[in-house]
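A closer look at the structure
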Amino acid sequence: MKNKATKKYKKRSSKASLIIKVSLLLIASLAICATAYGVYLAKQVEHAADSAHEKLEGREVSALRETKVEPIHDNVSILFVGVDDSDNRGQGSDHSRSDALVLATLNNKTHTIKMLSIPRDSYVYIPKVGYKDKITHAHAMGGTLTTIKTVETLLDIPIDYYVRMNFNAFIDVVDALGGIEAEVPYALHELDEFDKFTINLKPGMQHLNGSEALALARTRKQDSDIERGKRQQEILSAIITKVASASSITKYDDVIKALGNNMKTDMTFDEMKSFLSYLSGGVPRIDTLTLDGSDDMSTGIYYYQLNQASVNEVSETLKNHLGLDKNSSSLTNNDSDTDSDSDSSEETSVN
């Protein structure tokens, strides 16, 4: 009897041992695959970062900074410049007008982002030429550097980094993520990236592909530049949320390729990696800001006249979020964020 019991025990023990060994082998295999994929992604990111890196001549650091910031420690600002460099409209990366300008400030301590969309027809002073014009013309007058200096002059805050993307990058990123969810305010019949009326959207929350998201971001026929800016902020927030979700990890390869082929930035590979800390703790809270103003056709050309009180208040809000000393445009306390981060509202309209 003992021999039979012993044999049964040995069989069970052998089976259990086999299951454990197989399980350990599977876990080890998965770990190796995950590590290999991580290494592969890192190499892809590094390659994309190298091809996208663009150093702006004569600009090591913003004139409004005493020293260069370190994203892993400091609060920073990033200017997103969307350009239409389509050959169909005689555009090119060197003389394109900016179709979208979105400024984001990131606060490390509060894990928050403040996002401001600057209306493309805003009548502002452009230092490169020494007179006022539409801010969209700044890029055509002197490229990214002129756009950066114009925004710095307008808001009196440093622009630490820029990201310039064309329409292809936007479309490819959204498609690589499997689309995004966005609110469509009204029925939309709009041009696609090939200037053909193929985009038809119904009102309400919709799942959009890249071409549809771009059309929604660009249209302003039925409302205004301000509403257009709000849509751009909402779409950018939706992209950030999607990128931060676990379901997007396997899609990073395509996202990286899309950005590497259609983006330019002054961030180095190491600086890009530092920004991952903003997503490691989950999706950051994003507060949106707007610049108030009024339509102006007094010269026969349409301009958006900014309300100076609104500009001043937005400027102070962004300075506080960056932790800047109000009296010196220099980095002070990175933990500072006294404007309204205790407020849970998602949008702040400054009057």
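What this report covers is the structure whose coordinates are included nearby.

**Description of the overall build of the protein chain**
- Counting its secondary structure elements, the protein chain contains nine helices and 15 strands.
- Relative to its 351 residues, the protein chain shows a buried fraction of 47%.
- Long-range pairs, those at least 24 residues apart, make up 68% of the contacts in the protein chain between residues at least 6 apart in sequence.
- Working note: accessible area of the protein chain is about 17900 Å², and carbon and sulfur atoms make up 55% of it.

**Quick look at the pairing of strand β5 (residues 131-134)**
- Alignment of strand β4 (residues 123-126) against β5, held across four bridges, turns out to be antiparallel. Bridging from a neighbouring strand, Y125 pairs with K132 of β5.

**As for the pattern of salt bridges**
- Enumeration according to the criterion identifies 15 salt bridges in this entry.
- Put simply, K134 and D121 hold a salt bridge, and the shortest N to O gap is 3.6 Å. Of the two residues, K134 sits in strand β5 while D121 sits in the loop between β3 (112-117) and β4, which places them 13 residues apart along the sequence.
- By relative accessible area, which is 13% here, K134 ends up buried.
- The salt bridge partner of K319 is E316, with a shortest N-O separation of 3.8 Å. Taken together, the residues span about one helical turn, with K319 and E316 both in helix α9 (residues 308-322) at a distance of three residues.
- Taking relative accessible area as the criterion, K319 reaches 6% and is therefore assigned buried.
- Each member of the salt-bridge network shares a partner with another, and the members are D99, R120, R218 and R228.

**Comments concerning the packing of helix α3 (residues 167-176) against helix α4 (residues 210-218)**
- α4 packs onto α3 with a crossing angle of 130° between their chain directions and a minimal axis gap of 7 Å. With respect to their mutual orientation, α3 and α4 come out oblique. Where α3 crosses over α4, the two elements pack in a sense that is right-handed. Each of F167, F170, I171, V174 and D175 in α3 lies in contact with α4, whose residues at this interface are G210, S211, A213, L214 and R218.

**Concerning the pairing of strand β12 (residues 285-291)**
- The element β12 is largely enclosed, with a buried count of six among its seven residues.
- The sheet contact formed by β3 and β12 spans five bridges and is parallel. Within the sheet, the bridge partner assigned to K114 lies in β12 and is D287.

**So, empty space enclosed by the protein**
- Inspection of every chain in the model, using the stated rule, returns two cavities of 30 Å³ or more.
- Of the voids in this model, the largest cavity is the one considered here, and its volume is about 50 Å³.
- Along its surface, the largest cavity is lined by S117, P119, D225, I226, G229, K230, Q233, L289, T290 and L291.
- At the level of secondary structure, the elements contributing two or more residues to the lining of the largest cavity comprise α5 (225-244) and β12.
- In terms of residue class, the lining of the largest cavity is made up of four nonpolar, four polar and two charged.

**Let's talk about the side chain of E190**
- Along the polypeptide, E190 turns up in strand β8 (residues 188-190).
- According to the relative accessible area criterion, E190 is buried, its value standing at 8%.
- One polar contact links E190 to T219, side chain to side chain, over a distance of 2.9 Å.

Conventions we followed
- Residues numbered from 1 in each chain as written.
- Predicted model: local features only at pLDDT ≥ 70, side-chain atom pairs only at ≥ 80, totals over all residues.
- Heavy atoms only, no water.
- Helix = DSSP H or I, 4+ residues; strand = E, 2+ residues; numbered from the N terminus.
- Buried < 20%, exposed > 50% of the residue type's maximum accessible area, 1.4 Å probe, protein only.
- Contact = heavy atoms within 4.5 Å.
- Areas by Shrake-Rupley, 256 points an atom, 1.4 Å probe, with all protein chains shown as cover.
- Pairing = 2+ DSSP bridges.
- Salt bridge = Lys/Arg side-chain N within 4 Å of Asp/Glu carboxyl O.
- Axes fitted to C-alpha atoms, helices over the stretch in contact; angles between N-to-C directions.
- Parallel < 35°, antiparallel > 145°, perpendicular 65-115°, else oblique.
- Left-handed = near helix turned anticlockwise from the far one by under 90°.
- 1 Å grid on protein atoms, 1.4 Å probe; cavity = no way out; pocket = protein on both sides within 12 Å on 5 of 7 lines; lining within 4 Å.
- Points joined across faces, edges and corners; volume = space filled by probe spheres on them.
- Nonpolar A, V, L, I, M, F, W, Y, C, P; charged D, E, K, R; others polar.
- Polar contact = N/O pair within 3.5 Å; in protein donor to acceptor, adjacent residues only side chain to side chain.

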